[in-house]
Amino acid sequence: MSDVVESPSAPRSGVIGDSPARKEDDRLLRGEGRFADDVTPANALHMAVVRSPFPRARIEAIDISAALEMDGVHDVLVGTDVAARSEPINVLRPTPGAPYVTYYALAQGRVEYEGQPVASVAATSRHIAEDAAELIEVDYDPVEHVPDVIAAMEPDAPVLHPDVLDSNLLVSNPQSVGDSASAIAAADTVVSGRFFVNRVSGLPMETRGIVAEWRPGGRELSVRLSTQTPHLVRSQLAHCLRLDESWIHVVAADVGGAFGLKLGVYPEDLLACLHAMALRRPVKWIEDRLEFFRATTHAREAVHDFRIAADREGRIAAMEDVYATDLGAYYGSFGSAQLSSVTYSGPYRLDHGTVERRVTMTSKTPVGAYRGYGQPEVNFAREVLLDRLARRLEMSPVELRRRNMLTPEELPWRNTTGAVYDSGDYAECLLAAVDRIGYDELRRTGHGPRADGRYVGVGLSSFVERTGYASSRFLAGRGSKFGAHESVTVRANRSGGIDLYTGVSTFGQGSETAFAQVLSHVLGIAYDRVHVHAGDTSATPLNTGAFASRTMIAAAGALEKAAADLRAKTLKVGAWLLEVDDPDELEIAGTVVRVASDPARSVALRDVHEEAILGLRLPEGIEPGLEATAYHEPTHAAFAYGTAAALVSVDAETGDFDVERFVMVHDSGTPVNPQLIDGQIRGGLAQGLGAALREELRYDPETGQLLNGTMLDYFVPTACDMPPIELVHTEVASPVTPFGVRGVGETGTIPAGAAIANGICDALSGLGVEISRLPLTPELVWREIQRARGVPA
């Protein structure tokens with residue numbers, strides 16, 4: 001059984017389980033964070049980028065002469081320059097079996113999406129660079145484009161990359177266990193549907209940005225970048241720019257949000273470096289919001305054809321999900337979502353299952369990672385279809401889910417794609433959500449209409465979330481160019497504190513705080529004596545970076561090992577100073593080393609550290625220095641899980657609806673910092689609710705151009721748009737991770753769409769309304785009401 005925790009307590013000691021003040025907040029709240037745009041070196045030039053206005057076109061000619069003649073312009077790059085001086089952007093995370101459809105930083109004779117970089121200008125100011133960019137004349141010859149994944153697979157669709165592909169299907173990855181076709185054929189009931197998931201953006205507060213500086217004499221390319229993966233970017237820059245990796249220094253001190261969008265190298269990063277290397281002057285580029293909507297990777301868009309078969313008692317006999325995920329025009333550093341396949345069966349018992357991922361290319365901005373990375377998409381399809389199955393069987397959706405959920409005794413469980421669910425109590429989260437939303441009372445009072453004329457429904461959505469990676473060996477089998485491990489260096493200083501060095505940049509996830517807590521917990525030193533240095537490739541051990549809800553799983557192990565090594569040596573030196581024979585009789589307590597049985601006998605950590613660092617009087621057998629570096633390689637992924645419940649009221653005439661309550665019950669294992677977990681869940685829910693209710697990047701199918709690429713017409717929710725959110729945490733420690741932690745960064749994004757869609761369908765069950773697409777707008781609901789009534793909409 002687990003412990004249910006209603007809200008985080010806030011003791012301040014700073015060990016695992018506490019919620020001390022965040023280490024990041026002091027500088028951020030004072031406005032003293034150091035983001036890419038806060039850095040402008042003396043003599044810096046500024047870059048602007050010419051982008052394609054067409055979704056697909058041949059480039060017949062480019063005339064840069066007028067731009068070059070403009071006062072203040074120092075350099076202009078076009079595609080041929082880039083091809084001569086650099087390599088195509090390499091892939092860090094391939095899709096198994098997929099050919100490479102990579103691209104240079106600038107278009108090479110053709111453009112494949114609106115916003116693709118065609119030329120770049122370096123000038124003494126951004127204004128001059130922008131004005132010069134407008135003087136560059138590009139002669140385009142527009143050709144037929146591909147608007148979406150369904151059109152992409154039509155027999156007469158133009159093939160976007162005929163030099164590599166025979167069609168617009170990049171690759172198909174089918175996986176199957178058992179005999180789902182026979183199980184479906186023999187089942188008492190089969191429900192099916194085609195589900196459309198909207199294209200959205202992660203929308204970090206800070207757009208992308210880079211400051212590049214080249215010192216050829218020093219053989220150093222210094223790059224200040226807004227990125228989640230400084231060490232991976234360093235390796236990509238070395239490859240693409242044909243440089244020795246040791247010449248490249250990447251710094252990502254503060255990053256203003258990332259959500260998966262800032263993984264790996266983008267074209268603009270290479271362009272700024274190429275300008276800086278050619279001119280031997282610093283070059284700066286900060287993405288504006290219009291560029292962001294067209295140039296930073298998009299996410300989510302997919303079409304799922306899902307089937308679920310069951311017997312009369314509601315026991316699931318088989319699931320099948322064949323889905324097309326929209327990759328956009330090119331394969332970026334991380335490519336399309338892959339976790340839809342891993343989690344398509346959710347928290348349910350399944351012996352016969354088939355899932356097939358079809359990665360499809362279209363004439364749109366490339367798709368990349370975004371919080372959840374395939375899991376919200378498939379969760380919407382499966383959970384909405386489960387409610388349809390419940391209605392078909394005239395069974396409670398609660399009982400249908402509970403009957404098919406894996407029990408704690410059945411875990412660990414290998415699902416039909418080979419993923420191993422490590423532990424948990426899925427039904428406990430379901431029943432806690434049902435209890436909290438008042439499901440039984442709502443069933444008793446009925447759907448309405450209420451006195452205000454609105455119909456009332458409650459929707460459920462259960463989920464599992466893969467957090468972290470199942471070992472580097474697993475990644476190697478998929479061709480990934482990064483490992484599952486994390487690393488830290490911890491170094492004692494003469495002030496009595498510890499400097500903690502990590503390649504994990506800080507972008508709002510609270511890693512500085514959580515890392516310091518784990519170190520304090522294991523080492524015994526006071527939390528406020530730990531100082532975290534993050535995101536500098538020259539100062540930190542090689543690492544992977546922060547994404548996929550993996551950071552704490554991997555880093556906690558490295559911190560535990562490094563702290564144990566440092567503690568052992570600290571106690572040795574302390575024993576010598578205290579004239580105690582056995583170091584095991586000592587402990588580190590806050591700011592001192594002391595005899596555990598006699599706390600009055602102590603020596604300040606400052607003195608212990610100084611003796612170790614100076615090494616002037618150390619006894620024989622103890623080497624100078626007090627520092628440890630450790631790596632941790634996770635052996636398994638850990639699966640977080642939970643259930644959301646939404647109370648929804650609907651106007652059956654207009655389709656207007658309100659989410660009156662939203663309950664989220666989840667389990668992220670041992671909570672390192674409950675307050676951070678609360679923030680991660682609420683932040684994820686805000687993005688999940690935004691994608692479910694408001695956000696969609698809409699393209700004109702005729703022109704192929706983005707219709708709403710500004711903050712005026714991309715409807716990201718504000719705090720005022722959020723429904724009341726009630727969080728309930730359960731705690732089941734994972735048996736496969738250090739301290740029992742599970743990842744938490746993406747959980748909130750997963751269940752919202754299905755929970756609200758099911759609530760709307762429940763409220764309007766008397767009309768037979770079904771919903772199969774996101775976002776859930778009043779217009780969509782009204783159209784489905786009209787469809788259910790047999791009225792043309």
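Owing to the predicted nature of the structure, the values given are computational and were not obtained by experimental measurement.

Participant: I'm lost on the sheet that holds strand S13 (residues 283-286) in this one. Help?
Facilitator: Within a sheet, neighbouring strands are paired by backbone hydrogen bonds and run either parallel or antiparallel to one another. Strand order in this open sheet of 7 strands is S4-S6-S2-S13-S10-S11-S12, and the pairing throughout is mixed. If you trace the sheet from one side to the other, it starts and ends with strand S4 (73-78) and strand S12 (248-251), each paired once. Strand-to-strand twist of the sheet, defined as the mean angle between neighbouring strand axes without regard to direction, takes the value 20°. Of the pairings in the sheet, the one linking strand S11 (residues 220-225) to S12 comprises 4 bridges and is parallel in character. Each bridged residue has a counterpart across the sheet, and for Arg224 the counterpart in S12 is Val251. Helix H7 (residues 230-241) contacts S11 and S12 of the sheet and is inclined by roughly 145° relative to S12. Lying on the sheet, helix H8 (residues 267-279) is in contact with strand S2 (45-51), S4, strand S6 (117-123), strand S10 (209-215), S11 and S13; it crosses S10 at an angle near 30°.

Participant: I keep staring at the pattern of salt bridges and nothing clicks. Help me out?
Facilitator: Should their charged atoms come close, side chains of opposite charge can pair. Summed over the entire model, instances satisfying the criterion amount to 60 salt bridges. Arg199 is the partner of Asp326 in a salt bridge, and the nearest nitrogen-oxygen pair spans 3.2 Å. Here Asp326 is found in strand S15 (residues 316-328), whereas its partner Arg199 is found in the loop between strand S9 (189-197) and S10, with 127 residues between them in sequence. Of the two residues, Asp326 and Arg199, both sit in the buried class. One salt bridge in this structure joins Arg787 and Glu784, with 3.1 Å as the shortest N-O distance. Remark: Glu784 and Arg787 occur in helix H21 (residues 778-788); sequence separation between them is 3 residues, near one turn of the helix. What makes Arg787 exposed here is its relative accessible area of 59%. Here Glu784 falls in the buried class, since its relative accessible area comes to 13%. A cluster of three or more residues bridged by salt bridges with shared partners is formed by Arg51, Arg126, Glu130, Arg208, Glu268, Glu287, Asp288 and Glu291.

Participant: Would you explain the nonpolar core in this entry?
Facilitator: Across soluble globular proteins, you tend to see nonpolar side chains buried next to one another. In terms of nonpolar packing, the biggest core is built from 103 residues, with Phe662 and Ile756 touching the most fellow members. Looking at which element gives the most residues to this core, the answer is helix H11 (residues 375-393), with 9 residues. Setting aside residues no more than four positions away along its own chain, Ile756 makes contact with Ala646, Val648, Phe657, Val659, Phe662, Leu689, Leu693 and Leu776. Judged by nonpolar contacts, the second largest core, of 53 residues, contains Ile525, Ala555, Leu626 and Leu676.

Participant: What is the right way to read the environment of Val101 from this model?
Facilitator: Residue placement: Val101 occurs in the loop between helix H3 (79-85) and strand S5 (110-111). It is 27 Å that separates the C-alpha atoms of Val101 and Arg289, two residues lying 188 residues apart in sequence. Setting aside residues up to four positions removed in sequence, Val101 forms contacts with His161, Val164, Leu165, Leu170, Ala329, Tyr330, Tyr331 and Met361.

Participant: What am I meant to see in the state of the cysteines here?
Facilitator: Put plainly, a disulfide is one covalent bond tying together the sulfur atoms of two cysteines. The final tally for this structure, using the stated rule, is 0 disulfides. Looking at the unpaired Cys240, the closest cysteine sulfur is the one in Cys273, lying at 9.9 Å. Residue Cys273 is classed as buried on the basis of its relative accessible area of 0%.

Participant: Before we go on, may I ask you to explain the UniProt feature "domain: Aldehyde oxidase/xanthine dehydrogenase a/b hammerhead" (unreviewed entry) in the protein chain in this structure?
Facilitator: UniProt feature "domain: Aldehyde oxidase/xanthine dehydrogenase a/b hammerhead" (unreviewed entry): in the numbering of this structure it lies at residues 30-144. The span residues 30-144 shows a helical share of 19% and a strand share of 30%, and its end C-alpha atoms are spaced 52 Å apart.

Participant: Looking at this model, I keep getting lost on the pairing of strand S21 (residues 498-502). Mind explaining?
Facilitator: Residues in a regular strand project their side chains so that they alternate between the two faces of the sheet. Most of S21 sits out of view: 5 of its 5 residues are buried. As paired elements, strand S20 (residues 486-492) and S21 share 4 bridges and run antiparallel to each other. Across the sheet, the residue bridging to Arg491 is Asp499, located in S21. Linking two consecutive strands that pair antiparallel, namely S20 and S21, is a turn of 5 residues; a positive phi of about 90° is found at Gly496 within it. Sheet analysis places S21 next to strand S22 (residues 530-534), joined by 5 bridges and oriented parallel. Residue pairing in the sheet places Leu500 in a bridge with Val532 of S22. Where the polypeptide runs from S21 across helix H16 (residues 511-523) and back to S22, its parallel neighbour, the crossover connection is right-handed.

Participant: What should I look at first to understand the side chain of Asp254 in this one?
Facilitator: Within the element layout of this structure, Asp254 appears in the loop between S12 and H8. What makes Asp254 buried here is its relative accessible area of 6%. Within the structure, the side chain of Asp254 is placed 2.7 Å from the side chain of Arg27, a separation counted as a polar contact. Of the polar contacts made by the side chain of Asp254, one reaches the backbone nitrogen of Arg34; its length is 2.8 Å.

Participant: Explanation requested: H8 in the structure shown.
Facilitator: Given 3.6 residues per turn, any residue in an α-helix points the same way as the ones three and four places further on. Over its 13 residues, H8 runs 18 Å from end to end, which matches the ideal 18 Å to within 8%, given 1.5 Å per residue. The element H8 is largely enclosed, with a buried count of 11 among its 13 residues. Backbone geometry just downstream of H8 places Arg280 in the positive-phi region, at approximately 55°.

Participant: So what exactly am I meant to see when it comes to the sheet that holds strand S3 (residues 57-63) here?
Facilitator: Overall, antiparallel pairing links the 3 strands, which are arranged S5-S3-S7 in an open sheet. Only two strands of the sheet have a single neighbouring strand rather than two, namely S5 and strand S7 (137-142). Taken together, the 6 bridges between S3 and S7 define a ladder with antiparallel strand orientation. Its bridge partner being in S7, Arg58 is matched across the sheet by Asp141.

Participant: Would you mind showing me how to read the environment of Leu339 here?
Facilitator: In this fold, Leu339 is placed in helix H10 (residues 339-342). Residue class for Leu339 comes out buried when judged on its relative accessible area of 9%. Along the sequence, Leu339 and Arg357 sit 18 residues apart, while their C-alpha atoms lie 9.9 Å from each other. When sequence neighbours within four positions are dropped, the list of residues in contact with Leu339 reads Gly372, Tyr373, Gly374, Gln375 and Arg466.

Participant: For this particular structure, what's the right way to read helix H13 (residues 426-437)?
Facilitator: Taking 1.5 Å per residue as the helical rise, H13 with its 12 residues ought to reach 16 Å, and the 17 Å between its terminal C-alpha atoms agrees with that figure. Those residues of H13 that sit buried are Tyr426, Ala427, Glu428, Cys429, Leu430, Ala433, Val434 and Ile437. With its phi angle positive at about 75°, Gly438 sits one or two positions after the end of H13.

Participant: Honestly, the packing of aromatic side chains in this entry has me stumped. Any pointers?
Facilitator: Centre-to-centre distance and the angle between the planes together describe a pair of aromatic rings. Evaluated as defined, the whole model comprises 15 aromatic pairs. Taken together, a centroid distance of 4.8 Å and an interplanar angle of 55° make the contact between Tyr421 and Phe639 tilted. Separated by 218 residues along the polypeptide, Tyr421 in strand S18 (residues 420-421) and Phe639 in strand S27 (residues 638-650) bring together distant segments of the chain. Here Tyr426 and Tyr641 contribute two aromatic rings whose centre-to-centre distance is 4.9 Å and whose plane-to-plane angle is 65°, an arrangement assigned as edge-to-face. One end of the pair, Tyr426, is in helix H13; the other, Tyr641, is in strand S27, with 215 residues separating them in the sequence.

Criteria and thresholds
- Residues numbered from 1 in each chain as written.
- Predicted model: local features only at pLDDT ≥ 70, side-chain atom pairs only at ≥ 80, totals over all residues.
- Heavy atoms only, no water.
- Pairing = 2+ DSSP bridges.
- Helix = DSSP H or I, 4+ residues; strand = E, 2+ residues; numbered from the N terminus.
- Axes fitted to C-alpha atoms, helices over the stretch in contact; angles between N-to-C directions.
- Contact = heavy atoms within 4.5 Å.
- Salt bridge = Lys/Arg side-chain N within 4 Å of Asp/Glu carboxyl O.
- Buried < 20%, exposed > 50% of the residue type's maximum accessible area, 1.4 Å probe, protein only.
- Core = buried A, V, L, I, M, F, W, Y, C linked by side-chain atoms within 4.5 Å.
- Disulfide = S-S within 2.5 Å.
- UniProt positions renumbered as here; feature names shortened; annotations may be inferred.
- Right-handed = clockwise from strand over helix to strand, strands pointing away.
- Polar contact = N/O pair within 3.5 Å; in protein donor to acceptor, adjacent residues only side chain to side chain.
- Expected span 1.5 Å × (residues − 1).
- Phe/Tyr/Trp six-rings, centres within 6.5 Å; stacked < 30°, edge-to-face > 60°.

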